[in-house]
Amino acid sequence: MSHSVPDENYVRRLGMRDAAMIVVGGIIGGGIFLNPGIAAQRTASGLSLLLMWTAAGLLTLIGALCYAELGARRPQAGGSYVYLREAFGPMAGFLFGWTMLLVIYSGSTAAVATVFASYASAVFGMPAGMIRWLAAAALVFVAAINLFGLRLGAQIQNLFTTLKLAAIGILILAGLYLASRHHQPLLAVDPATAHVGFMGAALPVLFAYSGFTYLNNLAGEVHQPQRTLPRALLIGMLIVVTVYTLVNAAYLAALGHAGLAASHTPAADVMARLFGPAGSQLIAIGIAISTLGFCNITLVAGARVLQVMGRDGLFFASVGHLDRRHHTPNRALLLLTGWSILLAVSGSYGQLLDYATFGDWLACALGIATVFWYRRHDRQQTISFRVPAYPWLPLLFIVCIAGVVIDTLYSQPRDTGIGVLIILAGIPVYAIWQAANRRRQPPGQ
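Before going into details, it helps to say that this report is about the structure given with it. Source: prediction; values computed, not measured.

A few words on the nonpolar core. Grouped together as the largest cluster of nonpolar side chains are 141 residues, with contacts concentrated most on Tyr209, Tyr244 and Phe397. Excluding residues within four positions of it along the chain, Phe397 makes contact with Leu59, Ile62, Gly63, Phe212, Trp361, Cys364, Ala365 and Ile368.

So, about the packing of aromatic side chains. Any aromatic ring pair is given by two values, namely how distant the centres are and how the planes are angled relative to each other. Enumeration according to the criterion identifies 17 aromatic pairs in this entry. An angle of 90° between the planes, with centres 5.7 Å apart, marks the rings of Tyr67 and Phe212 as edge-to-face. You can see Tyr67 sitting in helix H3 (residues 46-73) and its partner Phe212 sitting in the loop between helix H8 (202-209) and helix H9 (214-217), a full 145 residues away along the chain. A relative accessible area of 1% places Tyr67 in the buried class. Relative to Tyr244, the ring of Tyr209 has its centre 4.8 Å away and its plane inclined at 55°; by these criteria the two rings are tilted. Of this pair, Tyr209 sits in helix H8 while Tyr244 is found in helix H10 (residues 225-262), placing the two residues 35 residues apart along the sequence. In this pair, the class of Tyr209 matches that of Tyr244, namely buried. Of the aromatic side chains, those joined through ring pairs into one cluster are Tyr67, Tyr83, Phe212, Trp361, Trp373, Tyr374 and Phe397. Between the NZ or CZ atom of Arg375 and the centre of the ring of Tyr390, over which it lies, the distance is 4.0 Å.

Analysis parameters
All residue numbers refer to position in the chain's written sequence, counted from 1. pLDDT decides what is reported in this predicted model: residues at 70 or higher carry local features, side-chain atom pairs at 80 or more are listed and counted, and totals for whole chains, interfaces and linings draw on all residues regardless. Computation of side-chain values: all heavy atoms of the structure, hydrogens and water removed. Side-chain atoms within 4.5 Å link the members of a nonpolar core, which is a set of buried Ala, Val, Leu, Ile, Met, Phe, Trp, Tyr and Cys residues. Partly exposed describes any residue whose relative accessible area lies between the buried limit of under 20% and the exposed limit of over 50%, with all areas from a 1.4 Å probe on protein chains only and scaled to the type maximum. Contacts: residue pairs with any heavy atoms within 4.5 Å of one another. Geometry of aromatic contacts follows a simple scheme: Phe, Tyr and Trp rings, the Trp one being its six-membered ring, pair when their centres are within 6.5 Å, and the pair is stacked under 30 degrees between planes, edge-to-face over 60, tilted otherwise. Going along the chain from the N terminus, every DSSP run of H or I of four or more residues is numbered as a helix, and every run of E of two or more is numbered as a strand. Note on geometry: a ring has a charge over it if NZ (lysine) or CZ (arginine) is within 6 Å of the ring centre and within 35 degrees of the ring normal.

Okay, here's the thing in structure tokens:
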């Protein structure tokens, strides 16, 4: 069995609060402010909408429990890359890192940075032509913070997450107050969408829940990781599921299912109804803070994966370098940030993100499949956390995600097909990389 090299150069400075904030901040980005309207268009009633958000939350909680065991077994930087490489071989790990760099982390970072820029420019009255450059400037700012150690980045992340939760709390209270005045039917069937199915809403809802795996990428910097990782994942996921359910209840209470389905900016619509233009400005600031915090986590978490790949010889060796003073993978961080900026400025990020959205959850399902491999091959007796109801909960997660992936391939063959091609394109790249490594090795080795 292949074990990864210990993270001797990372410093374990993240405590329980920091870790839980990373879980919350890595999931809550812009999705909860935008995707409920899309999900409402694909559900038949307020009841089915709430059931979808709650069911997706419980499914994600199962995934987080599985990753809690994986993090307890391998409390080091790299997360899913490490698990896939150990269980399924180096090519599986390379393909994860390849897709992560090209589209999953960089594409989502570019897209969410553009959401930040759109709301920030609206708040300050900036011209639309500045949006792309403001998105690039935001990513430069986030990267610069984290070049000087994770402690400063974690403190700023905690501030971002606290402010975004405060903004969401105001949104929930506003929706429930409007409900008390207008008595919108919360769970009623919407005649306009009564014919639609249930599974169509799964992808936008799951997209809003993605990001629970980011903490595992940073496991090499978590204090007492066998104890902290499982607790932080559980606490963070419970907060997110509660917040998402309450926010959707507030949307339905204020707008009704039909109003929510017709809204492209449900959060702004709710706040505008209660506070007028000032309400829209307030929630725009909240969304900007939320999205900026998400970008902070994706860049930091993705950089750790690239650094470990470089150290393992599956990426450029220079990217595997850690800054001696701050113990941060600055070269990997700058590479991921630069590619994300290129996507944001070019405007191609949106299409790339559509191609690979399902790939993020496919990678999660494959990561959770490694639990079975570890249970069979990793005979450690002192694991601090094991996923309950094994093997049924991991199997349930994998089956559900497989169903969503298959349904997406069937309903969106073009976009998902291109996403599959992006992943498969990594196979010849991996073969070329390995051949080049063999040529660089001295004779006799």
